[in-house]
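# Coordinate inspection notes
Each chain is listed here by its residues.
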Amino acid sequence: MTPNVQIRFAMPAWLARAATALVLLTCAGAALAQGNAIESITANQQGSNVVINVTMRDVPTRAPIGFAITNPARIALDFGATANATGKNMQELNLGDVRSLNLVQAGERTRMVVNLARALNYATAIDGKSIIVTVEGTGGVARAVNASGLPVAAPAAPVASALAARPQLRDLDFKRGANGAGRVVVDLPNNQVAVDVRQTGTGVTVDFIGARLPESLRRRLDVTDFGTPVTRVATSAQGDNVRMTIEAQGAWEQSVFQSDSQLVVEVRPVVEDPNRNSPGSSNNPQGYRGEKLSFDFQNVEVRAALQAVADISGLNIIASDSVAGFLTLRLKDVPWDQALDVILTAKGLDMRKNGTVLWIAPKEELLTKEKLELEQRAQIAELEPLRSEIFQLNYQKAESFRNVFGLDQGGVGAGAGAAGDAGRNRVLSRRGSAIIDPRTNQLFVTDIASKIEDIRKLIQKTDVASKQVLIEARLVEANDGFSRNLGAKLGFADMRTMRGGDSGWQVNGNERIAIGGNLVGVGQTTGQVANSADSFNNTTMVNLPAAGIGGIPASSLAFSLFSSAANRFLNLELSALEADGKGKIISSPRVVTEDKQVALIEQGVELPYENSTSSGATAIEFKKANLRLEVTPQITPDGNVVLEVDVSKDSKGEDTRAGFAINTQHVKTKVMVENGGTVVLGGIYQQTERTNESKVPFLGDVPLLGYLFKTTARESSKTELLVFITPKIVNDNVAGAR
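Conventions used here
Residues numbered from 1 in each chain as written. Predicted model: local features only at pLDDT ≥ 70, side-chain atom pairs only at ≥ 80, totals over all residues. Heavy atoms only, no water. Helix = DSSP H or I, 4+ residues; strand = E, 2+ residues; numbered from the N terminus. Buried < 20%, exposed > 50% of the residue type's maximum accessible area, 1.4 Å probe, protein only. Contact = heavy atoms within 4.5 Å. Areas by Shrake-Rupley, 256 points an atom, 1.4 Å probe, with all protein chains shown as cover. Pairing = 2+ DSSP bridges. Axes fitted to C-alpha atoms, helices over the stretch in contact; angles between N-to-C directions. Expected span 1.5 Å × (residues − 1). Arc of directions from axis to C-beta. Phe/Tyr/Trp six-rings, centres within 6.5 Å; stacked < 30°, edge-to-face > 60°.

A few words now on the overall build of the chain. Scanning the chain from terminus to terminus reveals nine helices and 45 strands. Taken across its 738 residues, the chain has 37% of its residues classed as buried. Within the chain, contacts between residues at least 6 apart in sequence are counted, and of these 57% link residues at least 24 apart. Counting only carbon and sulfur atoms, one obtains 51% of the accessible surface of the chain, whose full area is about 42800 Å².

Quick look at the structure:
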């Protein structure tokens with residue numbers, strides 16, 4: 001039998017790694033050989049548009065898949081099965097709003113990222129072996145052109161028409177991904193919908209610029225049962241845009257990627273390493289996050305200790321030649337970054353980090369090197385050629401940049417040297433200068449290239465259109481009043497005939513006395529005043545009638561009781577008046593103002609009054625009695641509105657010797673309201689209860705019969721002022737239409 005003999009050769013580790021790398025390189029080269037390649041990229045400006053010509057090695061079969069984001073403004077184009085054969089990863093353009101572009105190759109795919117100054121639309125088209133990318137500089141719909149700048153019939157035309165008609169989101173779904181990740185999948189109408197993704201403290205906010213949301217997708221999804229960090233997904237319309245809010249809990253991280261017309265937002269849970277201290281905890285106030293380790297070194301070299309830290313942290317550490325010496329170190333369960341700080345502090349060292357590379361040297365050496373670098377930069381800035389550029393301001397006034405540039409009142413000035421104070425101007429260099437032209441609202445700046453770019457970024461951030469807010473206020477003053485007056489008149493008359501038909505009792509001669517009643521006959525010496533030609537006023541024993549209300553007299557009801565001889569009368573007159581009134585005064589002022597700008601509207605009258613001057617003469621002055629609304633809105637990043645409200649409603653009061661009094665109702669507060677919501681401000685409430693009673697002593701207190709000897713007046717009134725405030729953020733298109 002022939003024995004089975006196996007012979008094995010031991011290959012060194014470095015040779016095995018080299019062989020593996022060679023195999024991978026050969027496989028990658030074979031794979032890329034079967035695909036396409038980007039050979040060169042050129043760009044030119046045609047009017048306000050920038051046309052980028054991407055020359056391929058072979059004729060491309062289809063246009064690249066792309067998407068755009070607004071913050072920062074970028075356009076990303078993915079070339080499948082394509083290599084980067086240009087020999088560089090970055091290219092400066094500086095044409096119009098296009099700053100530069102980056103080329104990144106990952107496997108068989110190459111992504112081209114176009115960096116913009118502001119968010120713009122784009123279109124792609126295939127022209128022979130070239131792919132033409134047109135960036136529309138006007139902000140409108142981009143149209144594909146060829147290398148000569150002529151429009152071409154490309155699949156981008158339907159996209160352009162869709163953008164003009166505000167594209168509508170097609171579908172929205174939520175899925176659970178690998179390792180407990182939550183994935184929100186949005187189907188877009190095309191790959192040119194601008195998307196702005198922002199991470200907030202409670203989740204992720206995604207804005208689809210210029211998109212519409214169908215009614216079927218306007219919903220709030222509760223996805224807690226999926227077991228991912230995502231708890232809720234809410235989608236709503238925000239003016240011309242669509243906002244999707246993804247709420248998450250716990251420790252998580254997010255990533256966003258787009259494949260053609262499908263956008264995926266993935267929220268992954270972050271598993272905390274138990275060997276790490278959480279930043280900000282009581283046992284970790286400095287926020288160390290490194291893996292815990294234990295050291296026990298006795299008189300070890302500093303370089304050896306740094307090498308041990310490098311092996312654990314995975315960082316690349318470069319130590320200066322001046323790093324030397326020995327130390328004794330014993331640390332137990334300490335994060336590696338804290339151990340590194342201890343070593344550096346003990347030996348008077350410091351570090352500078354650049355990515356995953358740490359440069360460690362003595363503090364004096366680092367400071368000296370940085371000082372030399374700063375001096376070299378300053379010398380270069382003194383020798384660098386100057387550039388001039390004109391900036392047209394659209395929304396800000398050019399005068400607002402006077403203090404920024406440290407200019408004099410003439411509008412011309414240089415940098416820190418001309419201002420006379422180096423700390424006054426940090427925008428222009430010492431050689432820079434600026435001119436303000438208020439007539440054309442332009443800035444003429446001359447400075448080095450880096451300062452020009454800083455000024456451009458500053459203007460882009462500040463020269464933006466301020467949002468406007470429509471403030472609708474409704475002031476309701478409700479009145480509810482009730483009054484009731486009761487009274488009575490009681491009289492008695494005795495007209496017995498004593499002698500010769502004369503009325504009354506005879507006292508002496510022709511002098512007579514009568515008790516109450518109307519005495520018949522004229523010329524009788526009874527001491528009464530004649531009421532008419534044949535009667536005299538009735539002498540009333542109790543005269544307590546009901547008072548009128550608002551100039552309206554009380555109604556009365558009279559009774560008379562007399563004897564069989566009709567010479568003795570008992571007269572009773574009851575009067576009563578009741579009034580019940582309800583009123584509501586509504587004022588509805590409206591005002592539109594910019595964000596963080598005070599708006600004031602008032603309406604009313606001015607009342608004159610006399611005022612004495614220092615010389616003793618009198619002068620006529622005026623007091624306002626009007627409705628006044630003063631509002632200062634502030635739009636928050638989440639779309640709400642903070643209002644500083646000052647509402648006063650004054651009216652003319654009673655007349656005094658000094659003039660009319662002013663009845664004042666005033667509300668001043670600061671509240672936060674959602675866009676389109678209504679807040680109610682009240683608190684001015686008045687209630688008056690008043691009862692007046694006049695009566696005959698003793699007799700007015702008799703039960704039941706006492707009402708014949710008294711008059712009662714009762715008054716009840718309620719007044720309340722309510723202020724309804726509704727802020728609405730004015731859409732830019734609506735504001736322009738108005």
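Having seen it, we continue.
Here we come to the sheet that holds strand 2 (residues 49-56). Reading across from one edge, 5-1-2-10-9 is the order of the five strands in this open sheet, with mixed pairing throughout. Each of the sheet's edge strands pairs with one partner strand only, and the pair in question is strand 5 (82-84) and strand 9 (122-127). Each strand of the sheet is rotated relative to its neighbour by a mean of 30°, with strand direction disregarded. Relative to strand 10 (residues 130-135), strand 9 runs antiparallel, the two sharing six bridges. Within strand 10, the residue paired with Ala123 across the bridge is Thr134.

Time to look at unusual backbone geometry. Even without glycine at this site, Asn179 takes up a positive phi of about 60°. If you trace the backbone, Asn179 turns up in the loop between strand 11 (171-176) and strand 12 (182-187). Even without being glycine, Lys596 reaches a positive phi, approximately 65°.

With that settled, the discussion passes to the pairing of strand 40 (residues 599-612). Bridge analysis of strand 40 against strand 41 (residues 618-635) gives 14 bridges, and the strand direction is antiparallel. Residue Leu600 lies in a different strand from strand 41, and its bridge partner there is Glu630.

This next bit is on helix 8 (residues 449-462). With 14 residues, helix 8 should reach 20 Å at 1.5 Å per residue; the first-to-last C-alpha distance of 20 Å fits that figure. Considered for burial, the residues of helix 8 that qualify are Ile452, Ile455, Arg456 and Ile459. Buried positions in helix 8, seen along its axis, are confined to an arc of 105° and lie on one side of it. Where the residues of helix 8 are buried, they touch strand 7 (98-106), strand 25 (387-392), helix 6 (402-405) and strand 28 (442-447).

To continue, consider the packing of aromatic side chains. Evaluated as defined, the whole model comprises one aromatic pair. Between Phe174 and Phe226 the ring centres are 5.0 Å apart and the planes differ by 80°, which places this aromatic pair in the edge-to-face class. You can see Phe174 sitting in strand 11 and its partner Phe226 sitting in the loop between strand 15 (220-222) and strand 16 (230-238), a full 52 residues away along the chain.

By the secondary structure assignment, Ala68 is in strand 3 (residues 65-70). For the pair Ala68 and Asp196, spaced 128 residues apart in sequence, the C-alpha to C-alpha distance is 8.6 Å. Ignoring anything within four residues of it in the chain, the contact list for Ala68 reads Arg74, Ile75, Tyr122, Val193, Ala194 and Val195.

The buried fraction of strand 10 amounts to six of the six residues, a majority that puts the element mostly inside the structure. Of the two faces of strand 10, the one lined by Ser130, Ile132 and Thr134 and the one lined by Ile131, Val133 and Val135 are each fully buried. Relative to strand 10, strand 2 is paired through six bridges, and the arrangement is antiparallel. Bridged to Asn53 within strand 10 is Ile132.

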